[in-house]
Amino acid sequence: IIDVNASFIQTLQASNSLLGFMGYFEADKGPVGFYVDTVWAKLGFNSSSASYRNPVAGLTIGRSSSTVASYSMTIIEAGGIYEIAHWAGSPGSFTALDGLLGFLYRDNTVDFSRLSSALGRNIEVNRSFAIARSGSLDWVAPVVGLRLRHQLTPNQELWARGDVGGFGFQSAFEWQAVGVYSYAWQFSGYQIAALIGYRALGVNYTNPGNANAVNLVLHGPIIGASFRF
């Protein structure tokens, strides 16, 4: 079992890539809409952020190793949106509450090959003993959530979204929380906005057919841009 608790700096030092990627598409007509949300990230973890449990007493990860494990994640979510309530405010301002219902596909790939190599350089072990095994887990899960939007001015908007998913479907439980502030510039026929916010993703998944499992929370700041027409 590998336990990882890594800060942004520790992850940055051990990762080949600096940023993850998020892409979001939404089409609305009246109170009804459709959305697609994608997330991809590949992260590395060094020995200072990883600990583990195994039957070999006194076995430790050598501090001389750099990246001892890497994790890549792909999430593709699609579903429908319905505006449940809309409250008008001052001119150019409003608040709206949306309901979301969809499905997500998640793929998780873990590579422990560097961990095994690092351990092998520091201790002698029986070749038949498996120190760590790489592999991937993927599944599909339903998702339900709410999104609260507040337009401060025609150019500024705050929104927050929270959702949960899985509900035991394929033994998975998912959750997400995100908050974003956006500032838009209006052009003829379209709008471009800059976004800044914070996002947290969590999952607890157990494969009933074997001992593979994922219990993970990722969170951090997000920046981006949107195009609306």
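Remember, it's a predicted structure, so these values are computed and weren't measured experimentally. (Residues numbered from 1 in each chain as written. Predicted model: local features only at pLDDT ≥ 70, side-chain atom pairs only at ≥ 80, totals over all residues. Heavy atoms only, no water.)

Enquirer: Explain the overall build of the protein chain to me, using residue names and the numbers behind them.
Expert: Secondary structure assignment for the protein chain yields two helices and 11 strands. Put simply, the protein chain runs from its N terminus to its C terminus through helices and strands in the order β-α-β-β-β-β-β-α-β-β-β-β-β. Scored against the burial criterion, the 229 residues of the protein chain give a buried share of 36%. In the protein chain, the proportion of contacts linking residues at least 24 apart, taken out of those at least 6 apart, comes to 61%. Counting every atom, the protein chain has about 13500 Å² of accessible surface; 61% of that belongs to carbon and sulfur. (Helix = DSSP H or I, 4+ residues; strand = E, 2+ residues; numbered from the N terminus. Buried < 20%, exposed > 50% of the residue type's maximum accessible area, 1.4 Å probe, protein only. Contact = heavy atoms within 4.5 Å. Areas by Shrake-Rupley, 256 points an atom, 1.4 Å probe, with all protein chains shown as cover.)

Enquirer: Can you break down the confidence of the model for the protein chain residue by residue, with the values?
Expert: Do not read the predicted coordinates in detail wherever pLDDT is low. Overall, the prediction assigns the protein chain a mean pLDDT of 78, with 67% of residues at 70 or greater. At the low end of the mean pLDDT range in the protein chain sits helix α2 (residues 113-122), at 48; at the high end sits strand β8 (residues 156-165), at 96. Counted against residues more than four places away or in other chains, residues 53-65, with its pLDDT under 50, gives 24 contacts. The model gives residues 116-133 a pLDDT under 50, and that stretch makes 19 contacts with residues more than four places away or in other chains. (pLDDT = per-residue confidence, 0-100.)

Enquirer: Let's hear about the environment of Ile76: which residues, and what values?
Expert: Mapped onto the secondary structure, Ile76 falls in strand β5 (residues 67-88). Ile76 sits 30 residues away from Arg106 along the chain, and the two C-alpha atoms are 6.6 Å apart. Among all residues touching Ile76, those that are not within four sequence positions of it are Asp37, Thr38, Phe103, Leu104 and Tyr105.

Enquirer: Give a detailed account of the nonpolar core, specifying residues and quantitative values.
Expert: If you look at the biggest cluster of nonpolar residues, it comprises 15 residues, and the most contacted ones within it are Met73, Ile75, Trp139, Val203 and Tyr205. Listing elements by their share of this core, those giving two or more residues are β5, β7 (135-153), β10 (190-206) and β11 (213-228). In terms of residue count, the dominant contributor to this core is β7 (four residues). (Core = buried A, V, L, I, M, F, W, Y, C linked by side-chain atoms within 4.5 Å.)

Enquirer: Tell me about the side chain of Ser182, and name the residues and values.
Expert: Topologically, Ser182 is positioned in strand β9 (residues 172-187). You can call Ser182 buried: its relative accessible area is 10%. Ignoring sequence-local partners within four residues, the contact set of Ser182 consists of Asn155, Gln156, Glu157, Ala193, Ala194 and Leu195.

Enquirer: Give a detailed account of the side chain of Gln176, specifying residues and quantitative values.
Expert: With respect to the helices, strands and loops of the structure, Gln176 is situated in strand β9. For Gln176, a relative accessible area of 6% translates into the label buried. Separated by 2.7 Å, the side chains of Gln176 and Asp163 make a polar contact. At 2.5 Å, the side chain of Gln176 and the side chain of Arg199 are in polar contact. Beyond its immediate chain neighbours, meaning those up to four positions away, Gln176 contacts Asp37, Glu77, Arg161, Gly162, Asp163, Arg199, Ala200 and Leu201. (Polar contact = N/O pair within 3.5 Å; in protein donor to acceptor, adjacent residues only side chain to side chain.)

Enquirer: Describe the pairing of β10, naming the residues involved and giving the relevant values.
Expert: As judged from the 16 bridges shared by β9 and β10, these two strands associate in the antiparallel manner. When the sheet's bridge partners are listed, Gly179 is paired in β10 with Tyr198. Linking β9 back to β10 in an antiparallel pair, the connection comprises two residues, with Gly189 at a positive phi of about 90 degrees. Note: β10 against β11, 16 bridges, orientation antiparallel. The partner of Gly202 across the bridge, within β11, is Val217. (Pairing = 2+ DSSP bridges.)

Enquirer: So what about the packing of aromatic side chains? Which residues, and what values?
Expert: For any two aromatic rings, the description comes down to two numbers: the centre-to-centre distance and the angle of the planes. Counted under the stated rule, the structure contains six aromatic pairs. Centre to centre, the rings of Trp139 and Tyr205 are 3.8 Å apart; their planes meet at 10 degrees, and the pair counts as stacked. Taken together, the residues Trp139 in strand β7 and Tyr205 in strand β10 connect sequence positions 66 residues apart. Across the pair, Tyr205 and Trp139 agree in class, each one buried. (Phe/Tyr/Trp six-rings, centres within 6.5 Å; stacked < 30°, edge-to-face > 60°.)

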